[in-house]
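Each chain, letter by letter, is given below.
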Amino acid sequence: MTDQRPHLEVTESPIDWEALARYLTGESAPDEVEMVRRWLAARPASAELIAALDRAMSRVAFTPPADLDVEDALRRVHARLDAPDVRALPERAPRRAVPFAAPSASWHRASFRIAAAVVVVVGGALVWRAVRAGDNPSRTSGLTRVFATAVGVRDSTRLPDGSAVVLGPGSELTIFGGYGGTVREVALRGEAYFDVVHDDRRPFVVRAGDALIRDVGTTFTVHSDRGDGVRVVVTSGAVRLQLASAPNDSGVRLGPQDRASVEPEGRVVIERASATAEDLAWTKGRLVFREAPLAKVRADLRRWYGLELIADSSLAARHFTNEFAGDPPAQVIRVIARTLGAVAEQRGDTAFLHAAPRSGTMPQ
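Definitions and limits used
- Residues numbered from 1 in each chain as written.
- Predicted model: local features only at pLDDT ≥ 70, side-chain atom pairs only at ≥ 80, totals over all residues.
- Heavy atoms only, no water.
- Pairing = 2+ DSSP bridges.
- Helix = DSSP H or I, 4+ residues; strand = E, 2+ residues; numbered from the N terminus.
- Axes fitted to C-alpha atoms, helices over the stretch in contact; angles between N-to-C directions.
- 1 Å grid on protein atoms, 1.4 Å probe; cavity = no way out; pocket = protein on both sides within 12 Å on 5 of 7 lines; lining within 4 Å.
- Points joined across faces, edges and corners; volume = space filled by probe spheres on them.
- Buried < 20%, exposed > 50% of the residue type's maximum accessible area, 1.4 Å probe, protein only.
- Contact = heavy atoms within 4.5 Å.
- pLDDT = per-residue confidence, 0-100.
- Core = buried A, V, L, I, M, F, W, Y, C linked by side-chain atoms within 4.5 Å.
- Phe/Tyr/Trp six-rings, centres within 6.5 Å; stacked < 30°, edge-to-face > 60°.
- Lys NZ or Arg CZ within 6 Å of the ring centre and 35° of its normal.
- Polar contact = N/O pair within 3.5 Å; in protein donor to acceptor, adjacent residues only side chain to side chain.
- Parallel < 35°, antiparallel > 145°, perpendicular 65-115°, else oblique.
- Nonpolar A, V, L, I, M, F, W, Y, C, P; charged D, E, K, R; others polar.

Q: Any chance you could explain the sheet that holds strand 18 (residues 350-355) here in plain terms?
A: The strands making up a sheet associate through hydrogen bonds between their backbones, and the pairing can be parallel or antiparallel. The strand order 15-18-17 describes an open sheet built from three strands, whose pairing is mixed. Edge strands, defined here as strands with exactly one partner in the open sheet, are strand 15 (308-311) and strand 17 (342-347). The sheet shows a mean angle of 20 degrees between the axes of neighbouring strands, direction not considered. The pairing of strand 15 with strand 18 spans four bridges and is parallel.

Q: How should the pairing of strand 4 (residues 172-175) be read in this particular structure?
A: A regular strand places its side chains on the two faces of the sheet in alternate fashion. Judged from the four bridges that link them, strand 1 (residues 145-148) and strand 4 form a sheet pairing that is antiparallel. Pairing of Phe-147 across the sheet is with Leu-173, part of strand 4. The pairing of strand 4 with strand 5 (residues 184-195) spans four bridges and is classified as antiparallel. Opposite Glu-172, over in strand 5, you have Arg-189 as the bridge partner.

Q: Honestly, the layout of surface pockets in this entry has me stumped. Any pointers?
A: Empty space among the atoms becomes apparent when a probe as large as a water molecule is rolled across them. Of the pockets and cavities examined, the second largest pocket occupies roughly 800 Å³. Arg-231, Arg-259, Asp-279, Arg-290 and Lys-296 are, among the 37 residues lining the second largest pocket, the residues nearest its centre. When contributions to the lining of the second largest pocket are tallied by element, the ones reaching two or more residues are strand 8 (219-224), strand 9 (230-236), strand 12 (259-262), strand 13 (268-271), strand 14 (287-293) and helix 6 (294-305). Broken down by element, the residue count for the lining of the second largest pocket peaks at seven residues, all from strand 14.

Q: Please clarify how the environment of Val-222 should be interpreted in this entry.
A: For Val-222, the location among the structural elements is in strand 8. On the basis of relative accessibility, which here comes to 1%, the residue Val-222 falls in the buried class. Taking the C-alpha atoms as reference points, Val-222 and Ala-260, 38 residues apart in sequence, are found 9.8 Å from one another. Apart from the residues lying within four places of it in its own chain, the contact partners of Val-222 are Leu-188, Gly-190, Glu-191, Ala-192, Phe-194, Ala-208, Ile-213, Val-230, Arg-231 and Val-232.

Q: Please clarify how the confidence of the model for the protein should be interpreted in this entry.
A: Caution is warranted with low-pLDDT regions, since their predicted coordinates should not be read in detail. On average, residues of the protein carry a pLDDT of 74, and 64% of them reach 70 or more. Strand 16 (residues 319-324) holds the highest mean pLDDT among the elements of the protein, 97, whereas helix 5 (residues 105-132) holds the lowest, 31. In this model residues 1-13 is a low-confidence stretch, pLDDT under 50, and it forms 28 contacts with partners more than four residues away in sequence or in other chains.

Q: Would you explain the nonpolar core in this entry?
A: Generally speaking, nonpolar side chains in soluble globular proteins are found buried as a group. Among the nonpolar cores identified, the biggest contains 27 residues, and Phe-194, Phe-204, Ile-213, Phe-220, Val-222 and Val-232 are the most heavily contacted of them. Considering every element that reaches this core, the biggest residue donor is strand 5, with four residues. Once residues lying within four places of it in the same chain are set aside, the contact partners of Phe-194 are Ala-164, Val-165, Leu-173, Val-186, Leu-188, Phe-204, Val-206, Thr-218, Thr-219, Phe-220 and Val-222.

Q: It is not clear to me how the packing of aromatic side chains should be interpreted in this structure. Could you clarify?
A: Given two aromatic rings, one states the distance between the centres and the angle between the planes to describe the pair. Tallied over the entire structure, the rule returns five aromatic pairs. When the centroid spacing of 6.2 Å and the interplanar angle of 10 degrees are considered together, the rings of Phe-320 and Phe-324 count as stacked. Considered together, Phe-320 and Phe-324 belong to a single accessibility category, that of buried residues. The residue whose ring lies beneath Arg-347 is Phe-352, and the NZ or CZ to ring-centre distance is 4.7 Å.

Q: When you look at unusual backbone geometry in this model, what are you seeing that I'm missing?
A: Most of the time, phi is negative for any residue but glycine, and the peptide bond is trans. Backbone geometry at Gln-257 places phi at a positive 65 degrees, although glycine is not the residue there. Residue placement: Gln-257 occurs in the loop between strand 11 (252-254) and strand 12. Its identity is not glycine, yet Glu-291 carries a phi of approximately 50 degrees, on the positive side. Position of Glu-291 relative to the elements: it lies in strand 14. The exposure class assigned to Glu-291 is exposed, which follows from its relative accessible area of 55%.

Q: Help me out: how do you make sense of the side chain of Thr-144 in this one?
A: Among the structural elements, Thr-144 can be located in the loop between helix 5 and strand 1. What makes Thr-144 buried here is its relative accessible area of 13%. One polar contact links the side chain of Thr-144 to the main-chain amide nitrogen of Gly-177, over a distance of 3.5 Å.

Q: Please clarify how the side chain of Ser-224 should be interpreted in this entry.
A: Inspection of the secondary structure assignment puts Ser-224 in strand 8. Looking at Ser-224, the relative accessible area reads 6%, which means it is buried. In this structure the side chain of Ser-224 is engaged in a polar contact, spanning 3.5 Å, whose partner is the backbone nitrogen of Gly-209. Setting aside residues no more than four positions away along its own chain, Ser-224 makes contact with Leu-188, Arg-189, Gly-190, Ala-208, Gly-209, Gly-229 and Val-230.

Q: Help me out: how do you make sense of the packing of helix 6 against helix 7 (residues 329-340) in this one?
A: Two quantities define a packed helix pair, namely the angle between the axes and the distance from one axis to the other. The interhelical angle for the contact between helix 6 and helix 7, taken along N-to-C directions, is 170 degrees, at an axis separation of 12 Å. Taken as axis vectors, helix 6 and helix 7 run roughly antiparallel relative to one another. Contacts between helix 6 and helix 7 involve Leu-294, Val-297, Leu-301 and Tyr-305 from the former and Pro-329, Val-332, Ile-333, Ile-336 and Leu-340 from the latter. Looking at the contact of helix 6 with helix 7 residue by residue, the class counts come to nine nonpolar, no polar and no charged.

Right, here's the structure in full:
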C-alpha cells in the first residue's frame with residue numbers, strides 16, 4: 001500500500017509537527033526519517049529545539065498503557081449510577097462529537113506522548129506563571145507536564161501512581177513538577193474524569209479556576225471553563241471542595257452522587273444526591289444541556305466544536321435545554337437559535353445570535 005502521509009520537505013520553513021511526531025515516536029517510514037534528518041541538518045536552531053523536545057520526552061513517565069480503554073474504564077462508573085433515583089445511561093458506541101477534519105491518527109497516537117513536552121517548550125512562560133502564582137513553590141521541582149486534547153476529541157491517560165484521567169474535548173491538564181512526592185497536584189482547564197488511587201500520605205489535589213478539589217478516595221468529574229465557574233460531580237467515595245484562597249482545613253465534603261458548583265462570583269452551591277447519568281454523558285460523546293446559561297453553552301461549543309458564540313445582551317438571561325451527539329456545527333447553531341427564539345448568523349468559526357424581531361417568525 002502506498003504511504004499517503006504528508007512528508008517533510010527540506011525546502012519547507014515551517015515545522016511540520018505531524019511528521020516530527022511520527023519521527024520522535026518511531027512511526028516514520030524510512031524515507032521520512034531521512035527527510036526529517038536532512039531538514040534538521042539544514043536548520044541547526046530547529047535541530048536544537050527538537051533535540052530538547054526529544055530529551056524531555058525521554059523523561060516523561062505519562063505514556064498511556066496500551067490496555068487503557070476509555071469505555072472500559074468508564075463502564076464501572078456508569079454502573080455506580082444505577083441507584084433507583086439515577087437514570088441509567090444506555091450503552092452507545094463511542095463517536096466523535098464533531099464531524100469536521102481532525103488531526104491524523106498518527107498525531108492522536110503521539111499526542112499524549114509528546115503534548116507535555118511541546119506545550120512546555122512552546123508555552124513555557126504561561127505554565128511558569130501559573131506555577132509561580134500558587135501558594136506552594138516547592139511543587140515546581142521536576143518537569144511540569146501538560147496534556148491537551150484537540151477540539152471535539154476525548155482522550156485518556158494513566159498517571160504514574162495508577163490514577164486514570166479521561167480528558168474532555170478542548171481540555172488541558174497540567175501535572176506539576178514533583179508529582180508523587182509529598183503531594184499529587186494537577187490543574188485543569190476544561191473537563192476531566194478522575195479515577196484516583198487514594199493515598200493518605202500523598203493527597204491528590206485538582207486546581208480548577210477558583211476551586212481546590214481534594215480527593216478522599218474517589219472517582220469524580222470536574223468541569224472548569226473561563227467565565228463558567230467550576231462544577232464537581234462525585235460518582236464514588238468523597239472529595240473536599242474549597243475556594244483556592246481559603247485555608248486548607250476549610251471547604252465542604254461531597255459524597256457519592258453529590259454535585260457542587262463554584263459560581264464565577266465565588267458562591268458555592270451544593271446539590272446532595274442529585275447526580276444522574278447525564279453528568280457523565282460527555283464521556284460517551286454526548287453534549288447535554290439542561291437549563292444551561294449561555295455562558296456554559298458558549299464554553300462547551302468552544303471546546304466541542306471550535307465555535308465562538310456571541311449573543312445579543314437581550315438574550316443573556318435565557319437558558320438552553322437540548323443535547324447533541326455528532327451533529328454538524330451548523331445544525332447545532334440552528335437548534336440553539338430556534339430554542340432561544342433568536343436569529344443565527346454564522347461567519348466562519350463565529351456564530352452570532354440576534355434577538356428575533358417581535359413581528360418576525362421563528363428562524364427556519
